[in-house]
Amino acid sequence: MSVSPDSATAVRTVADAAGEPLLSVRGLRVSVAGGSEVVHGVDLDVPRGSAVGLVGESGSGKTLTCRAVLGLLPVGVEVTGGEISLRGTELTALPAADRARLRGTELAAVFQDPASYLNPSITVGAQLAEVLRVKAGLARRAARERAVELLHAMGLHRPAHVYAQYPFELSGGMLQRVLIAMSISTGPGLLIADEATTALDVTVQAEVLELLSELRRDRGLTLLVVSHDLAVISQLCDTVHVFRDGGVVEAGPTRQVLRGPRHPYTRELIEDHERFGIDRARERRSGR
Ligand SMILES: Nc1ncnc2c1ncn2[C@@H]1O[C@H](COP(=O)(O)OP(=O)(O)O)[C@@H](O)[C@H]1O
Ligand SMILES: [Mg+2]
């Protein structure tokens, strides 16, 4: 059967929309200046609207993989191979200014220690409003109103009161909600959460994970979730990539990987988790 050019284009467009992941990483290599390679050819697909998990012991390369995607590698650490494609745009070759713009608009991230990303001497609301003014171009009053709305949407009670508080007045869970508000305030498609709930106690952790699930469901946010904790990954993620020593040893649907692990290292992670519980596994994995 012959296909006219127009219908071929239409077919391809439909296929792209359905099949092309929001983020695609191919053969990613990251090295430390002086030579040693610490990420050895990682492949990762993050479909739009999905939640993809990266799990594995401390030092296995999860954070550097995420930072490579964000274009935020530490000084002296660089991408030495592979491709990172966001909505079909190859990122590794982009100038730093373009990477920074993408971080404001299409990509965002939250990390383990929210307080360290806030200025201790400015109220959290003013800091959130500042992001909205600079990155979303809102006028002062609109930014303030939008900030209060966002704090409310993040599940913070009495958002106008929270707006006027300083970071030290808020709990870790509240601060992480403020950081999530900041990171999604400019409407990015992809949120990277790297050990974002690790420092929180179990109940608060569950609440913040629930917030991330809601943002995914209600706003169509795509999630890339990093945790050394299988419980976090199994609560949030459709698919999981198991990292070890800078590589992915196993990847697949979360349920399938957790119920029928193929790689001995994945089995070890699951056994540790079952035997010692979340906190003990955490201590063992982080080498403490
Ligand atoms: N700034 C850095 N300089 C040199 N080596 C680093 C740096 N950050 C991380 N590494 C090394 O890269 C490897 C992967 O680290 P990382 O991605 O942070 O692991 P994870 O997030 O899985 O705990 C580790 O061996 C770590 O020591
Ligand atoms: Mg890490």
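Note that the coordinates shown come from a computational prediction; the quantities given were computed from them, not determined experimentally.

Participant: Please explain the packing of helix α4 (residues 124-135) against helix α5 (residues 140-153) as it appears in this structure.
Facilitator: Between two packed helices, the angle of one axis relative to the other and the distance separating the axes together describe the packing. Where α4 contacts α5, the two axes come as close as 8 Å, and the packing angle between them is 120°. What the angle tells us is that α4 and α5 run oblique. Every pair of crossing elements has a handedness; the one defined by α4 and α5 is right-handed. Residues Gly-125, Leu-128, Ala-129, Leu-132 and Arg-133 of α4 touch α5, and the partners they reach there are Arg-140, Ala-143, Arg-144, Arg-146, Ala-147 and Leu-150. Partitioning the contact of α4 with α5 into residue classes produces six nonpolar, one polar and four charged.

Participant: Teacher, can you tell me more about the sheet that holds strand β8 (residues 222-226) here?
Facilitator: Backbone hydrogen bonds hold the strands of a sheet together, and the pairing may be parallel or antiparallel. Strand order in the open sheet made by the six strands is β6-β7-β8-β3-β9-β10, with mixed pairing throughout. A strand with exactly one partner marks an edge of an open sheet, and here the two such strands are β6 (107-110) and β10 (247-253). Between one strand and the next, the sheet's axes are offset by a mean angle of 15°, whatever the strand orientation. Of the pairings in the sheet, the one linking strand β9 (residues 239-244) to β10 comprises six bridges and is antiparallel in character. Looking at the pairing, Val-242 lines up with Glu-250 of β10. Strands β6 and β7 (190-194) of the sheet are contacted by helix α7 (residues 172-184), whose axis makes an angle of about 170° with β6.

Participant: Would you mind showing me how to read the site of ligand 1 here?
Facilitator: Around ligand 1 lies a shell of 14 residues, among which Val-38, Lys-62, Thr-63, Leu-64 and Pro-74 are the nearest. For the shell around ligand 1, the element with the most residues is helix α2 (residues 62-70), which contributes three residues. Within the shell around ligand 1, the residues separate by chemical class into six nonpolar, seven polar and one charged.

Participant: In this structure, what is going on with helix α8 (residues 202-219)? I would like to understand it.
Facilitator: Side chains three or four residues apart in an α-helix point the same way, a direct result of the helix having 3.6 residues per turn. For α8, spanning 18 residues, the distance from its first C-alpha to its last is 25 Å, which sits close to the expected 26 Å at 1.5 Å a residue. Restricting attention to buried positions, one finds in α8 the residues Gln-205, Val-208, Leu-209, Leu-211 and Leu-212. Looking straight down α8, one finds its buried side chains confined to an arc of 150°; they lie on one side. Looking at α8, the residues exposed on the side facing more than 90 degrees away from the buried face are Thr-203, Arg-217 and Asp-218. In this structure, the buried residues of α8 make contact with α7, β7, β8 and α9 (230-236). Just beyond α8, the residue with positive phi is Gly-220, at close to 70°.

Participant: What's the story with the packing of α4 against α7 in this structure? I'm lost.
Facilitator: Viewed as axis vectors pointing N to C, α4 and α7 meet at an angle of 15°, and their least axial separation amounts to 9 Å. Here α4 is positioned roughly parallel relative to α7, judged by the angle of their axes. Pair α4 / α7 crosses with right-handed handedness. For the pair formed by α4 and α7, the contact residues are Val-124, Leu-128 and Val-131 on the first element and Val-178, Ala-181 and Met-182 on the second. Partitioning the contact of α4 with α7 into residue classes produces six nonpolar, no polar and no charged.

Participant: When you look at unusual backbone geometry in this model, what are you seeing that I'm missing?
Facilitator: As a rule of thumb, non-glycine residues mostly have phi less than zero, and peptide bonds are mostly trans rather than cis. Although it is not a glycine, Arg-87 sits at a positive phi angle of roughly 50°. With respect to the helices and strands, Arg-87 occurs in the loop between β4 (77-86) and β5 (89-90). Look at Arg-87 and you get partly exposed, because 14 C-beta atoms sit within 10 Å. Despite not being glycine, Arg-158 shows a phi value in the positive range, around 50°. With respect to the element layout, Arg-158 can be found in the loop between α5 and α6 (159-163).

Participant: Sorry if this is basic, but what is going on with the nonpolar core here?
Facilitator: Grouped burial of nonpolar side chains is what soluble globular proteins tend to show. With 74 residues, the main nonpolar core has Leu-128, Ala-193, Leu-223, Val-225 and Leu-236 as its most contacted residues. Residue contributions to this core peak at seven residues, all from α7. Residue contacts for Leu-236: discarding those within four places in its chain leaves Ala-51, Gly-53, Leu-209, Leu-212, Ser-213, Leu-223 and Val-225.

Participant: Got a minute to help me understand the pairing of β7 in this structure?
Facilitator: On a regular strand, each side chain points to the face opposite its neighbour's, so the side chains alternate between the two faces of the sheet. For β7, the tally of buried residues reaches five of five residues, placing the bulk of the element in the interior. Side-chain alternation along β7 places Leu-190, Ile-192 and Asp-194 on one buried face and Leu-191 and Ala-193 on a second face that is also buried. Pairing geometry for β7 and β8, over five bridges, is parallel. Across the sheet, Leu-191 pairs through a bridge with Leu-223, a residue of β8. Regarding topology, α8 serves as the crossover connection from β7 to the parallel β8, and that connection is right-handed.

Participant: For this particular structure, what's the right way to read the sheet that holds strand β1 (residues 23-32)?
Facilitator: Pairing is antiparallel in the open sheet, where four strands are placed in the order β2-β1-β4-β5. The open sheet terminates on both sides in strands that have one partner only, identified here as β2 (37-46) and β5. Two elements, β1 and β4, share eight bridges in a ladder whose sense is antiparallel. Across the sheet, Ser-24 pairs through a bridge with Ser-85, a residue of β4. Seen against the sheet, α2 touches β1, β2 and β4 and runs at an angle of roughly 110° to β1.

About the thresholds
Residues numbered from 1 in each chain as written. Chains lettered and ligands numbered in written order. Predicted model: local features only at pLDDT ≥ 70, side-chain atom pairs only at ≥ 80, totals over all residues. Axes fitted to C-alpha atoms, helices over the stretch in contact; angles between N-to-C directions. Helix = DSSP H or I, 4+ residues; strand = E, 2+ residues; numbered from the N terminus. Parallel < 35°, antiparallel > 145°, perpendicular 65-115°, else oblique. Left-handed = near helix turned anticlockwise from the far one by under 90°. Contact = placed C-beta atoms within 7 Å. Nonpolar A, V, L, I, M, F, W, Y, C, P; charged D, E, K, R; others polar. Pairing = 2+ DSSP bridges. Near = placed C-beta within 6 Å. Expected span 1.5 Å × (residues − 1). Buried ≥ 20, exposed ≤ 12 C-beta atoms within 10 Å, placed from the backbone. Arc of directions from axis to C-beta. Core = buried A, V, L, I, M, F, W, Y, C linked by C-beta atoms within 7 Å. Right-handed = clockwise from strand over helix to strand, strands pointing away.

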